[in-house]
Amino acid sequence: MTMTHAILAARLLRDAAAFFRSLGEQNPPLKEQMDENAGIFSEVADLVEKDPNGVLKEESGG
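No experiment lies behind these values; they were computed from the predicted model shown. (Residues numbered from 1 in each chain as written. Predicted model: local features only at pLDDT ≥ 70, side-chain atom pairs only at ≥ 80, totals over all residues. Heavy atoms only, no water.)

Draft legend 1. Expanded view of the overall build of the protein. Each helix and strand in the protein was counted, giving 2 helices and 0 strands. Against the 2.2 N^0.38 benchmark of 11 Å for 62 residues, the protein shows a C-alpha radius of gyration of 14 Å, more extended than a compact globule. Its C-alpha atoms give the protein principal-axis dimensions of roughly 40 × 35 × 10 Å. Out of the 62 residues belonging to the protein, those deemed buried represent 19%. Taking all contacts inside the protein whose residues are at least 6 apart in sequence as the whole, residues at least 24 apart take part in 53%. Here the protein displays about 5200 Å² of accessible surface, and carbon together with sulfur accounts for 57% of that area. The distance from the centre of the 6 positive side-chain charges to the centre of the 11 negative ones in the protein is 6 Å. (Helix = DSSP H or I, 4+ residues; strand = E, 2+ residues; numbered from the N terminus. Rg over C-alpha atoms; globule rule 2.2 N^0.38 Å. Buried < 20%, exposed > 50% of the residue type's maximum accessible area, 1.4 Å probe, protein only. Contact = heavy atoms within 4.5 Å. Areas by Shrake-Rupley, 256 points an atom, 1.4 Å probe, with all protein chains shown as cover. Lys, Arg positive; Asp, Glu negative; His and termini not counted. Charge placed at Lys NZ, Arg CZ, Asp CG, Glu CD.)

Draft legend 2. Fine view of the layout of surface pockets. Estimates place the volume of the largest pocket at around 200 Å³. In terms of lining, the largest pocket is formed by Val44, Leu47, Val48, Asp51, Pro52, Gly54, Val55 and Leu56. Tallied by class, residues from the lining of the largest pocket come to 6 nonpolar, 1 polar and 1 charged. (1 Å grid on protein atoms, 1.4 Å probe; cavity = no way out; pocket = protein on both sides within 12 Å on 5 of 7 lines; lining within 4 Å. Points joined across faces, edges and corners; volume = space filled by probe spheres on them. Nonpolar A, V, L, I, M, F, W, Y, C, P; charged D, E, K, R; others polar.)

Draft legend 3. Summary view of helix α2 (residues 31-50). Taking 1.5 Å of rise per residue, the 20 residues of α2 would be expected to cover 28 Å, and the 28 Å separating its terminal C-alpha atoms lies within 8% of that figure. Within α2, burial applies to Met34, Asn37, Ala38, Ser42, Ala45 and Val48. Seen along its axis, α2 keeps its buried residues to an arc of 135°; they face one direction. Exposed residues on α2 whose side chains face more than 90 degrees from its buried face are Glu32, Glu43 and Lys50. As for α2, its buried residues are in contact with α1 (5-26). (Expected span 1.5 Å × (residues − 1). Arc of directions from axis to C-beta.)

Following this line, the structure appears as structure tokens:
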């Protein structure tokens, strides 16, 4: 498989997610926040893999 920027980015995001999960396992008071961070990084990795040039929808309100 040819390595692309998107593939590399997804791998780095997944590695960051694993890091956050590991950190949460080692530090119970931070687990909830670290799991949330890991989930976000995993979701973005999915987006990059499935549609590297996708456009995010703007959120309204605020």
